[in-house]
Amino acid sequence: MAERAALEELVKLQGERVRGLKQQKASAELIEEEVGKLLKLKAQLGPDESKQKFVLKTPKGTRDYSPRQMAVREKVFDVIIRCFKRHGAEVIDTPVFELKDFDIAGNFDPMIPDAECLKIMCEILSSLQIGDFLVKVNDRRILDGMFAICGVSDSKFRTICSSVDKLDKVSWEEVKNEMVGEKGLAPEVADRIGDYVQQHGGVSLVEQLLQDPKLSQNKQALEGLGDLKLLFEYLTLFGIDDKISFDLSLARGLDYYTGVIYEAVLLQTPAQAGEEPLGVGSVAAGGRYDGLVGMFDPKGRKVPCVGLSIGVERIFSIVEQRLEALEEKVRTTETQVLVASAQKKLLEERLKLVSELWDAGIKAELLYKKNPKLLNQLQYCEEAGIPLVAIIGEQELKDGVIKLRSVTSREEVNVRREDLVEEIKRRTGQPLCIC
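A short tour of the structure in this document, coming up. (Residues numbered from 1 in each chain as written. Predicted model: local features only at pLDDT ≥ 70, side-chain atom pairs only at ≥ 80, totals over all residues. Heavy atoms only, no water.)

**Side note on the sheet that holds strand 12 (residues 388-392)**
An order of 11-10-12-13-14 is seen for the five strands of this open sheet, with the pairing classed as mixed. Each of the sheet's edge strands pairs with one partner strand only, and the pair in question is strand 11 (364-365) and strand 14 (412-416). Where strand 10 (residues 337-341) meets strand 11, two bridges bridge the pair, whose relative direction is parallel. Looking at the pairing, Leu 338 lines up with Glu 365 of strand 11. Each of strand 10, strand 11, strand 12 and strand 13 (401-406) touches helix 12 (residues 347-359); the most contacted strand, strand 10, lies at about 165° to it. (Pairing = 2+ DSSP bridges. Helix = DSSP H or I, 4+ residues; strand = E, 2+ residues; numbered from the N terminus. Contact = heavy atoms within 4.5 Å. Axes fitted to C-alpha atoms, helices over the stretch in contact; angles between N-to-C directions.)

This is the structure we're talking about:
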């Protein structure tokens, strides 16, 4: 136990060193060297026999944002972290500045953790309500097997893979020209690749390729197709198979992927009826990387891993653009009600009322001016996204009421002062006091 505690402390210190280097914008070579040391230390801790899930958590305060931008970021982060925790994740701070990661490490039966990662990805994107999306899946073993039967030499696997990965951005003809003209691939080999990589579909395509006379004779491809068929069974049980597309052009450029790979793209509405939706950019991605952690383990232990990353910066931009297009206000505060005055010389009454609301557990505030103009107070609510305004006026004081205004609908009602707390709680969804 003491040895493990010492290792954990070393991991923590090395993590802080890597974080510091990134913040100082040190050279890529130095950061890579220190990250390698960090991974070696983590590998020495060894795999846990129990189910391991962990989140690489992005620091929130690394840049200056406007209140509106901060509000958007907080909402996005909250959706992501709630989903991760719902799936049993432990949140770990790490120096990753643009992604939110969820990973499952350990030896488990095939495709069960992979299916859960895809379920998490779909849950997050659905909860964020950023538009229709599609998750493309493939398997590196299928890709490697396909290249082999098409006649691609081992030395060209990765460079051809990077060309194929561009098919979501450019046409097949452009990809073929790059493979033949720039990378020296024979035209007939490129054509054979084209016959495969332009196919996409669901489990029926997996079954079709399992019967392919050439692909089914390749051991790697056969293993990958078998796992994908099983994966689709689990995705159907999870109710997300309609969001998943088996896409043979998905390559994911990182060499450390060893099995299933996936990438989520937002879909653009077709310009004409009958056209397929177009992908307008990746917002999440991931896959299986069974060999990466073991590379840094001095004992050579294999630690199978599968995970996903959410592209939070891209999502932030999308959410902000859509809010601007819809001219929607974003709440930049959790305040539920602003205590306002309709005339001058009512500061004392505002202070008394806001104190009553605070004592009742209501999130309330007031402007720090003796005699603010009513229009300025209402504008402040609109800009900050405060939903309610409790307005005190001379007539209201005489009548023993408070004017409660909805900021969005601008509807105003007089509420008896003794009933104000209960009315605010009812409108904001807080539990009512049962006396």
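**Some details on the packing of helix 5 (residues 140-150) against helix 10 (residues 219-237)**
Relative orientation and spacing of two packed helices are given, respectively, by the angle between their axes and the distance between those axes. The geometry of helix 5 relative to helix 10 is characterised by a closest axis approach of 7 Å and an angle of 145° between their N-to-C directions. Read as a crossing pair, helix 5 and helix 10 show a hand that is left-handed. Across the interface between the two elements, Arg 141, Ile 142, Asp 144 and Gly 145 of helix 5 pack against Gln 220, Ala 221, Glu 223, Gly 224, Leu 225, Asp 227 and Leu 228 of helix 10. Partitioning the contact of helix 5 with helix 10 into residue classes produces four nonpolar, three polar and four charged. (Left-handed = near helix turned anticlockwise from the far one by under 90°. Nonpolar A, V, L, I, M, F, W, Y, C, P; charged D, E, K, R; others polar.)

**Description of the pairing of strand 13**
Burial analysis of strand 13 places five of its six residues in the buried class, which makes it a mostly covered element. Inspection of the sheet shows strand 12 paired to strand 13 by four bridges, in the antiparallel sense. Considered in strand 13, the bridge of Ile 391 is made with Lys 403. The antiparallel hairpin formed by strand 13 and strand 14 contains five residues in its connecting segment, where Arg 410 sits at a positive phi of about 65°. (Buried < 20%, exposed > 50% of the residue type's maximum accessible area, 1.4 Å probe, protein only.)

**Thoughts on the pattern of salt bridges**
Following the criterion strictly, the structure yields 20 salt bridges and no others. Salt-bridge contacts for Arg 416 lead to Glu 418; the nearest nitrogen and oxygen are separated by 2.8 Å. In this structure Arg 416 comes out as partly exposed when scored by relative accessible area, which is 46%. When its relative accessible area of 53% is taken as the criterion, Glu 418 is described as exposed. When salt bridges with common partners are traced through the structure, they connect Asp 114, Arg 288 and Asp 290 into a single cluster. (Salt bridge = Lys/Arg side-chain N within 4 Å of Asp/Glu carboxyl O.)

**Brief notes about helix 15 (residues 420-428)**
Listed as buried for helix 15 are Leu 420, Val 421, Glu 423, Ile 424 and Lys 425. Looking at the buried side of helix 15, the elements it contacts are strand 10, helix 12, strand 12, strand 13 and strand 14. Where helix 15 ends, the next residue or the one after it, Gly 429, has phi of about 80°, a positive value.

**Concerning the pairing of strand 14**
Here five bridges tie strand 13 to strand 14, and the two strands are oriented antiparallel to one another. From the neighbouring strand, Val 401 faces strand 14, where its bridge partner is Arg 416.

**What to know about the packing of aromatic side chains**
If you walk through the whole model with that rule in mind, you get five aromatic pairs. The interplanar angle of 65° and the centroid separation of 5.6 Å between the aromatic rings of Phe 77 and Phe 316 together place this pair among those described as edge-to-face. Taken as a pair, Phe 77 in helix 3 (residues 67-86) and Phe 316 in helix 11 (residues 312-326) lie far apart in primary sequence, 239 residues in all. Ring centres 5.2 Å apart and planes at 45° place the aromatic pair Phe 84 and Phe 102 in the tilted group. Within this pair, whereas Phe 84 is found in helix 3, its partner Phe 102 is found in strand 3 (residues 99-105), the two being separated by 18 residues in sequence. Put simply, the rings of Tyr 256, Tyr 257 and Tyr 289 pair up and form one aromatic cluster. Directly above the ring of Phe 133 sits Lys 243, whose terminal nitrogen or CZ lies 4.5 Å from the centroid. (Phe/Tyr/Trp six-rings, centres within 6.5 Å; stacked < 30°, edge-to-face > 60°. Lys NZ or Arg CZ within 6 Å of the ring centre and 35° of its normal.)

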